[in-house]
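Structure assessment
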Amino acid sequence: MSDLKIAFQGYPGSYSDMACRDRYPDHEPLACEAFEDAFASVAEGKADLAMIPIENSVAGRVADIHHLLPESSLQIVGEAFHRVRHQLLGLRGARLGGLRTVHSHPHALAQCREFIRSRRLRPVAEADTAGSAILIAEGGDPTKAAIASALAAGIHGLSVLAPDIADASTNITRFLVMAREPVRVPRDVDAITTFVFQVRNLPGALYKALGGFATGGVNMQKLESYMLDASFTSTQFYCDVAGHPEDTGVAKALEELRFFSRSVRILGVYPADPMRTER
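Residues numbered from 1 in each chain as written. Predicted model: local features only at pLDDT ≥ 70, side-chain atom pairs only at ≥ 80, totals over all residues. Heavy atoms only, no water.

Before going further, it helps to spend a moment on the side chain of asparagine 171. With respect to the element layout, asparagine 171 can be found in the loop between strand E10 (159–162) and strand E11 (172–179). Classification of asparagine 171 by relative accessible area gives buried; the value is 2%. Contact partners of asparagine 171, with chain neighbours within four places excluded, come to Asn56, Ser57, Val58, His82, Arg83, Val84, His86 and Gln111. (Helix = DSSP H or I, 4+ residues; strand = E, 2+ residues; numbered from the N terminus. Buried < 20%, exposed > 50% of the residue type's maximum accessible area, 1.4 Å probe, protein only. Contact = heavy atoms within 4.5 Å.)

Next comes the structure, spelled out in structure tokens:
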């Protein structure tokens, strides 16, 4: 057993667990109940890395992560694009025609809506996919099924009653890999720089703050805003750009951003996942 560990939120067999095993096969996956626990396990030295989902191509961004990232003391050291393949899982010996209900996370149920309707199954929302697999395995009811991963089937002793049942095949989750210390990314490697910032409360401040990225030819790959408190007047922006902070264009853009912002904090500089160029 490896001494290296990688933390994830969820039960064994979750898609986060699969992403850990696929990207870091030399690390032992460490299941955590909540995202906060996954962050804490790395900060406290119980795990070397954490695999954190931040957005999905179908369901959008993962709630709470944009708040948790800046609050943690961790650094983003990598990203991983993971294809989600939904399987219909049931008890061994169960028949597809004998099913009555299907249990899973609401996003998974929504992503398999056409299959569920065609089989006239009643969807039942649960907290997560792997947890639904455990529910079916422990319940012993052959009329109930779960939508989860093939890994969950193997871990929890279930059968795949129907493979790859999602309505769309382009279901991809982007994960961020977190560590206690940053990594040094060589200049000849395609890099992503992630940062958060708050602009000054002035007309046109956001336009002026981001102008340097346009004039410097820096590709802004992601820009999102979210409220920091209940006043609806304090907004923080999360941003991914292609490039390294030492690149001339990125360096000048960040300098201009700092001039027009109340605060700027770089959360990580890390190699771009190869799937970025494949999509």
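For the rest of this paragraph, the subject is the environment of cysteine 32. For cysteine 32, the location among the structural elements is in strand E2 (residues 28–32). Accessibility expressed as a relative area gives 9% for cysteine 32, which makes it buried. Placed 131 residues apart in sequence, cysteine 32 and proline 163 show a C-alpha to C-alpha distance of 27 Å. In this view, cysteine 32 contacts Ala7, Phe8, Gln9, Gly10, Asp37, Ala38 and Ser41; residues no more than four positions away in its chain are not counted.

Moving on, we get to the sheet that holds E10. Taken together, the 5 strands give an open sheet; going across it, the order is E8-E7-E9-E6-E10, and neighbouring strands pair in mixed fashion. Sheet topology places strand E8 (122–125) and E10 at the edges, where each strand pairs with a single neighbour. Within the sheet, the average angular offset between the axes of one strand and its neighbour, ignoring direction, is 40°. Where strand E7 (residues 101–104) lies against strand E9 (residues 144–148), 3 bridges are found, and the strand directions are parallel. Within E9, the position partnered with histidine 103 by the bridge is alanine 146. Set on the sheet, helix H6 (residues 129–139) makes contact with strand E6 (87–90), E7 and E9; between it and E9 the angle comes to about 155°. (Pairing = 2+ DSSP bridges. Axes fitted to C-alpha atoms, helices over the stretch in contact; angles between N-to-C directions.)

For side chains of opposite charge, pairing can occur when their charged atoms come near one another. A complete count under the given rule lists 15 salt bridges for this structure. One salt bridge in this structure joins aspartate 240 and arginine 174, with 2.8 Å as the shortest N-O distance. With aspartate 240 in strand E14 (residues 235–242) and arginine 174 in strand E11, this residue pair connects regions lying 66 residues apart in the sequence. Owing to a relative accessible area of 3%, arginine 174 belongs among the buried residues under this scheme. One network of salt bridges, in which partners are shared, links Glu55, Arg61, Glu79, Arg174, Lys222, Glu224, Asp240 and Arg276. (Salt bridge = Lys/Arg side-chain N within 4 Å of Asp/Glu carboxyl O.)

Counting across every chain of the model gives 4 aromatic pairs. On the numbers, 5.2 Å between centres and 15° between planes, the contact of phenylalanine 197 with phenylalanine 237 is stacked. Pair noted here: phenylalanine 197 is in strand E12 (residues 191–199) and phenylalanine 237 is in strand E14, with a separation of 40 residues, a long-range link. By the burial criterion, phenylalanine 197 is buried, and phenylalanine 237 matches it. Measuring from ring centre to ring centre gives 5.0 Å for phenylalanine 259 and phenylalanine 260, while their planes differ by 85°; the resulting arrangement is edge-to-face. With relative accessibility at 23%, the residue phenylalanine 260 sits in the partly exposed group. (Phe/Tyr/Trp six-rings, centres within 6.5 Å; stacked < 30°, edge-to-face > 60°.)

In short, shape yes, function no, at least from these values alone.
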